[in-house]
Structure formats: structure tokens, C-alpha cells
Amino acid sequence: MHLSLFCLAKPVLHGYFRSSCSWRVRIAFALKGIEYDQAPVNLIKDGGQQHTEQYKALNPMQQVPAVEIDGITLSQSLAVIQYIDETRQGPRLLPADPKKRAQVRMISDVIASGIQPLQNLYVIQKIGAEKVQWAQHFIDRGFQALEPILKQTAGKYCVGDEISMADICLVPQVYNAERFKVDVGQYPTIKRLNQTLVEIEAFKVTNPSCQPDTPADLRA
């Protein structure tokens, strides 16, 4: 079937309301104005629905998100974001300028590879009683590196004055930092950028507090 026919079908996001990686994809869809369906995957219930055989067929890593789009399934959030940026109309999520594009990818990777995986659910469950201190340590360690990088690259947003994949990664990471009681005020550039971004509609409507699978006691 031709790609254009696949594009007629809505993408399906298999995710979890509080997953940083799922939230990144939700933000990207919202910024691009892409309609999509959500298929919640409860990472807690019954030992984690991501471990079912049905879900493992979608994502062998047993993580969220998995996105069914254009006849394929993609499972890494940055790969999903770059794919929709390359195949869909709407504001660019990676700059045209190669230097700025490299900076966006660098910042995204610092967060998505260097900070977030060390305090995701699977790791935290393995750490046990020391999970809060563990998460705080690695978030602080990452933010201590990210702050001077952003001082050099930021304008209104993470890289210059256009929203990019870097901003899509930053907001969920700051949300996690606040969940684990990290003092974000130590990082004025990160704090300023986050305060600007969370007021933008695409970030508001995708917040974990207002998703189809958000528990009633966590709804805003």
C-alpha cells in the first residue's frame, strides 16, 4: 500500500500518562497538529502491561512508547519525533541550520540518554528504598551539565527562538525533577525555559495530569 494511503489512518500511541518518553511524543503530535489515538499501557497494573506477549510484539524492549504509524511501528521517542518531523507538515522540530540541528540533537540526547534512563520506572524499581536519593543524584548530575550548555544555546527556547525537539525533551525531564523534589531553582536557565514552555498549549494539553489513563486522584 502506498504511504499516502497509510497516512489516512491515525497514528496510535501506546504509552503511559506519566512516561517522559510518551509525553515527548504527545508534545510532538500536538505541535504538528496531528490527530492520533492513544492505547494506554499501564506500567504498574498486573506487574506491568508492557510485559505482556501482545505488547512485546510491538516493542521487544517492553517500554513505552510504541507508535503505529504509516504501516510501521516505532519505539524510541526521538526516532518517532524525527520521523513525524520528516513526514508531516507543521512547524519544524529540528532546525534547518545544521549547527542548530546538531545542538538540538545534543541537548535531546543529554536528556534522553544521559538523564532520564537512570530514573525511569524499571531502574527505580530495582533500586528500592534508596530510589529518591538515586533519582535526585542523577537528575542533579545531568542538570549540572545541561545548564551551561543551555546558557550557550538558548534564546527564548532551548536552541534559539524556535521550539524544537530539545524543548520537547526538557519539559518532561523538569516534571520528573520536581516529582523527585530536585531544586530546579539551582538551574536558572532550565527553570526559565521550562516556565516559558509549560504555558504553551501543546505542552499543556499533553501534560500527564490530563491524559485518558491519568488516575482520578492525579487529574488537574
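These numbers were taken from a predicted model, which means no experiment stands behind them.

The rules behind each value
Residues numbered from 1 in each chain as written. Predicted model: local features only at pLDDT ≥ 70, side-chain atom pairs only at ≥ 80, totals over all residues. Heavy atoms only, no water. Helix = DSSP H or I, 4+ residues; strand = E, 2+ residues; numbered from the N terminus. Rg over C-alpha atoms; globule rule 2.2 N^0.38 Å. Buried < 20%, exposed > 50% of the residue type's maximum accessible area, 1.4 Å probe, protein only. Contact = heavy atoms within 4.5 Å. Areas by Shrake-Rupley, 256 points an atom, 1.4 Å probe, with all protein chains shown as cover. Lys, Arg positive; Asp, Glu negative; His and termini not counted. Charge placed at Lys NZ, Arg CZ, Asp CG, Glu CD. Arc of directions from axis to C-beta. UniProt positions renumbered as here; feature names shortened; annotations may be inferred. Disulfide = S-S within 2.5 Å. Core = buried A, V, L, I, M, F, W, Y, C linked by side-chain atoms within 4.5 Å. Domains from an automatic or database assignment. Axes fitted to C-alpha atoms, helices over the stretch in contact; angles between N-to-C directions. Parallel < 35°, antiparallel > 145°, perpendicular 65-115°, else oblique. Nonpolar A, V, L, I, M, F, W, Y, C, P; charged D, E, K, R; others polar. Pairing = 2+ DSSP bridges. Phe/Tyr/Trp six-rings, centres within 6.5 Å; stacked < 30°, edge-to-face > 60°. Lys NZ or Arg CZ within 6 Å of the ring centre and 35° of its normal.

Caption draft 1: The arrangement of the overall build of the protein chain in detail. For the protein chain, the count of helices and strands is 10 helices and four strands. Counted from the first residue to the last, the protein chain has its helices and strands arranged as α-β-α-β-α-β-β-α-α-α-α-α-α-α. The C-alpha radius of gyration computed for the protein chain amounts to 17 Å, which stays within 12% of the reference 17 Å derived for 220 residues, consistent with globular compactness. Along the three orthogonal principal directions, the C-alpha set of the protein chain runs to about 50 × 45 × 30 Å. Here the protein chain, with 220 residues, has 46% of them falling under the buried criterion. Sequence separation of 24 or more characterises 66% of the internal contacts of the protein chain that already satisfy a separation of 6 or more. With an accessible surface of roughly 11100 Å², the protein chain has 52% of that area assigned to carbon and sulfur atoms. Computing the positive centroid from 24 side-chain charges and the negative centroid from 22, the protein chain places the two 2 Å apart.

Caption draft 2: Molecular detail of unusual backbone geometry. The omega angle of the peptide bond from V64 to P65 is 5 degrees, so this bond is cis rather than trans. Here P65 is to be found in the loop between helix 3 (53–58) and strand 3 (66–69). Even without glycine at this site, Q62 takes up a positive phi of about 60 degrees. Topologically, Q62 is positioned in the loop between helix 3 and strand 3. You can call Q62 partly exposed: its relative accessible area is 25%.

Caption draft 3: Helix 9 (residues 188–197), seen in detail. All of the buried residues along helix 9 are T189, I190, L193, N194 and L197. For helix 9, the buried positions fall inside an angular range of 125 degrees around the axis, keeping them on one side.

Caption draft 4: Main features of the UniProt feature "domain: GST C-terminal" (unreviewed entry) in the protein chain. The UniProt record marks residues 97–216 with the feature "domain: GST C-terminal" (unreviewed entry), using the residue numbering of this structure. Along residues 97–216 the backbone is 63% helical and 0% strand, and the end-to-end C-alpha distance reaches 44 Å.

Caption draft 5: Summary view of the state of the cysteines. All chains considered together, the criterion is met by zero disulfides. The thiol sulfur of C210 is not disulfide-bonded, and the nearest other cysteine sulfur, from C21, lies at 18 Å.

Caption draft 6: Structural context of the nonpolar core. If you look at the biggest cluster of nonpolar residues, it comprises 53 residues, and the most contacted ones within it are F143, L170 and I190. Only helix 2 (20–32), strand 3, helix 4 (77–87), helix 5 (98–114), helix 7 (131–153), helix 8 (165–179), helix 9 and helix 10 (201–204) provide two or more residues apiece to this core. Domain assignment of the residues forming this core places at least three in each of domain 1 (13–90) and domain 2 (98–204). Discounting residues that sit within four places of it in the chain, I190 has contacts with F143, L146, E147, L150, L170, V174 and V184.

Caption draft 7: Fine view of the packing of helix 8 against helix 9. Between helix 8 and helix 9, whose axes approach to 10 Å, the crossing angle comes to 105 degrees. Classified by the angle between their axes, helix 8 and helix 9 sit roughly perpendicular to one another. Here D167, L170, V171, V174 and E178 of helix 8 lie close against helix 9, whose contacting residues are I190, L193, N194 and L197. A breakdown of the residues in the contact of helix 8 with helix 9 according to their chemical character gives six nonpolar, one polar and two charged.

Caption draft 8: A look at the pairing of strand 3. With three bridges connecting them, strand 1 (residues 12–15) and strand 3 associate as antiparallel partners. The residue of strand 3 that forms the bridge with H14 is A66. Where strand 3 meets strand 4 (residues 72–74), three bridges bridge the pair, whose relative direction is antiparallel. Paired with I69 across the two strands is I72, which belongs to strand 4.

Caption draft 9: The arrangement of the packing of aromatic side chains in detail. Per the stated rule, a full pass over the model turns up five aromatic pairs. Taking the centre distance of 5.3 Å and the plane angle of 90 degrees together, the rings of W23 and Y175 count as edge-to-face. One end of the pair, W23, is in helix 2; the other, Y175, is in helix 8, and 152 residues separate them in sequence. With relative accessibility at 2%, the residue W23 sits in the buried group. Directly above the ring of F180 sits R179, whose terminal nitrogen or CZ lies 5.2 Å from the centroid.

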